[in-house]
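Structure assessment
Here are the chains, one letter per residue:
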Amino acid sequence: MFPETVSGRPWLPHAEWARWDEPYRTTYAEYVVNQHAKDASVYAVRDAVGRLEDIQKLDPSWLNGLKLHAATLPLAEFAAVVGNLRAARFGRDSAWRTMATFGALDELRHTQIPLALMHELVRWDVQFDWTHKFYHTNDWVAIAGRHLVDELLLGTDPIEFAIGTNFVFETGFTNLQFVGLSSMAHAVGDRMFEKMVKSIQTDEARHAQIGHPVLETVLKHDPARAQYLVDKWFWRTWLLFAVVTGFSMDYLSPLAQRRHSFKEFVEEWILDQFQRTLAEYGLRKPWYWDQFLGALEIYHHMVYASAYTYRATVWFNLSLPGPDERAWLRQKYPGTWDLMDPVWEQITERWRKSGPGVEWYSHGATPVTFCDLCQLVLCGGTPERNTAQTLVFEGRKYIFCSEPCRWIFGQEPERYAAHKDVVKRILAGEAPANLLELLRIYFNLTQDMWGKDVAGGRYPWLHHDGC
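A few points on the structure. (Residues numbered from 1 in each chain as written. Predicted model: local features only at pLDDT ≥ 70, side-chain atom pairs only at ≥ 80, totals over all residues. Heavy atoms only, no water.)

1. A word on the overall build of the chain
In terms of regular secondary structure, the chain is built from 22 helices and two strands. Expressed along its principal axes, the backbone C-alpha trace of the chain runs to roughly 80 × 60 × 40 Å. Considering only contacts in the chain between residues 6 or more positions apart, those separated by 24 or more positions represent 79%. Carbon and sulfur atoms make up 54% of the accessible area of the chain, which totals about 18700 Å². Of the side chains in the chain, 48 bear a positive and 57 a negative charge, and the two mean positions are spaced by 2 Å. (Helix = DSSP H or I, 4+ residues; strand = E, 2+ residues; numbered from the N terminus. Contact = heavy atoms within 4.5 Å. Areas by Shrake-Rupley, 256 points an atom, 1.4 Å probe, with all protein chains shown as cover. Lys, Arg positive; Asp, Glu negative; His and termini not counted. Charge placed at Lys NZ, Arg CZ, Asp CG, Glu CD.)

2. Describing a nonpolar patch on the surface
Taken together, the side chains of Y28, V32 and L105 make up a nonpolar region of the molecular surface, amounting to roughly 280 Å² of accessible area. Structurally, Y28 can be placed in helix α2 (residues 28–49). Residue Y28 is classed as exposed on the basis of its relative accessible area of 53%. (Patch = residues over 30% accessible without salt bridge, like charges linked within 9 Å, V, L, I, M, F, W, Y side chains within 5 Å. Salt bridge = Lys/Arg side-chain N within 4 Å of Asp/Glu carboxyl O. Buried < 20%, exposed > 50% of the residue type's maximum accessible area, 1.4 Å probe, protein only.)

3. Digging into the packing of aromatic side chains
On inspection of all chains with the given rule, the structure shows 38 aromatic pairs. With 4.7 Å between their ring centres and 70° between their planes, F134 and Y135 make a pair best called edge-to-face. Side by side, F134 and Y135 carry an identical accessibility label, which is buried. Aromatic pair Y304 and W344: ring centres 5.9 Å apart, planes at 45°, arrangement tilted. With Y304 in helix α16 (residues 299–309) and W344 in helix α18 (residues 337–354), this pair connects stretches of sequence that are 40 residues apart. (Phe/Tyr/Trp six-rings, centres within 6.5 Å; stacked < 30°, edge-to-face > 60°.)

4. Describing unusual backbone geometry
Cis rather than trans, the peptide bond between R9 and P10 has omega equal to 5°. Looking at where P10 falls in the secondary structure, it is placed in the loop between α1 (4–7) and α2. Of note, Q375 is a non-glycine position whose phi angle comes to about 70°, a positive value. Positionally, Q375 belongs in the loop between α18 and β1 (389–393). Of note, N444 is a non-glycine position whose phi angle comes to about 60°, a positive value.

5. What about the pattern of salt bridges?
Scanning the model with the defined rule gives 34 salt bridges in all. Its salt-bridge partner being K133, residue D129 comes within 4.0 Å of it at the nearest N-O pair. Classification of K133 by relative accessible area gives partly exposed; the value is 28%. Close ionic contact of D341 with R326 constitutes a salt bridge, the shortest N to O distance being 2.9 Å. With D341 in helix α18 and R326 in helix α17 (residues 323–332), this pair connects stretches of sequence that are 15 residues apart. Both residues of the pair, D341 and R326, count as buried. Here the salt bridges do not stand alone but share partners, grouping E151, E160, R225, K232, R236, E412 and R415 into one network.

Following this line, the structure appears as structure tokens:
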């Protein structure tokens with residue numbers, strides 16, 4: 001009934017799981033009543049302040065942050081339905097299976113809410129329309145997103161799912177994603193997004209509790225595996241959140257409404273809370289913790305600069321940080337911003353020379369290299385010292401953005417070795433080498449859809465040559 005291959009390891013007799021427990025004891029009837037009330041509240045906010053005319057009044061940068069979330073959130077939540085349903089069948093205790101059933105219903109709700117609330121935006125903006133295609137394309141961000149989501153939510157057994165998703169992803173990172181962004185949405189004036197993420201968070205707080213008793217049981221019988229799964233999924237989850245949430249908090253929001261930086265949110269909602277939780281269970285901090293703290297200072301800045309320089313490869317527009325924003329970023333990241341500021345000065349100088357509307361003068365032309373583990377661009381380290389590492393497996397050389405990515409690959413090479421990033425697909429003749437053909441044919445992005453500078457280079461502070 002519960003084979004190890006599907007139920008997960010360590011495989012233990014049922015008696016070892018009999019003490020499985022969680023604090024949210026609820027009946028199905030109570031669940032339905034509570035969810036109905038939450039849905040009614042969300043849709044009431046949409047009807048009051050979430051219509052198209054309300055969204056059109058929001059800051060353009062914030063709207064592009066919405067496009068980032070509209071693409072990455074719904075189908076990732078739907079994949080979590082599958083992961084929870086696997087636990088609802090193969091979880092090793094009836095209470096676990098019941099909670100996983102509620103978790104699957106939660107994630108289905110989290111799929112439907114953003115699709116419903118942002119539906120009107122599809123006809124208004126072709127980039128919002130493209131968000132529905134995101135996971136079905138070969139865009140480099142979609143490849144990286146699928147690589148994480150497919151493994152974490154679709155390809156794991158219930159034990160790894162509970163530790164990687166419920167404990168690490170939801171307990172460790174969801175608070176940052178939903179609590180932090182709801183605070184920013186409130187400051188920006190986006191009441192619909194604020195209400196949406198708050199409502200989703202109430203569900204996450206409940207089914208995140210699945211991970212704790214699973215972790216506790218695994219720690220008793222195989223503490224090394226428990227530590228490995230925490231270390232692995234913390235790093236993998238961090239990289240994606242650094243892009244999705246880091247972009248939104250430090251770049252795709254109006255400066256006047258920024259209260260805290262991405263780093264400050266992470267310090268408040270992850271470092272303190274997650275470290276306390278690890279200590280409570282007798283777990284060590286991940287072995288790469290110092291590298292994580294270093295990456296917190298600069299990694300998302302490096303990826304954003306890369307994305308801006310190759311903005312036509314994404315489906316949302318990006319902002320060029322002006323003098324005031326760069327001063328704010330220097331204040332928030334005093335130890336690393338001096339390394340990033342020359343990058344933006346060089347890009348700004350190219351806009352000065354080209355004049356407004358000339359996107360390609362400040363745009364890259366040749367493909368960048370990607371990590372063979374996380375599938376994101378090689379942006380580890382700083383502009384002065386990249387942290388890329390290599391490894392040879394079965395005669396093939398693999399490259400990684402960081403030591404933790406290389407380490408994860410080395411633990412389970414058979415799980416990752418066959419995957420090809422965009423560059424390897426180009427070299428194998430599976431994708432076009434010409435950038436425009438790559439965008440149109442392989443990424444399924446047409447000129448009206450692909451990313452541009454949010455202002456087309458027309459910034460009040462940017463004085464062009466000859467003007």
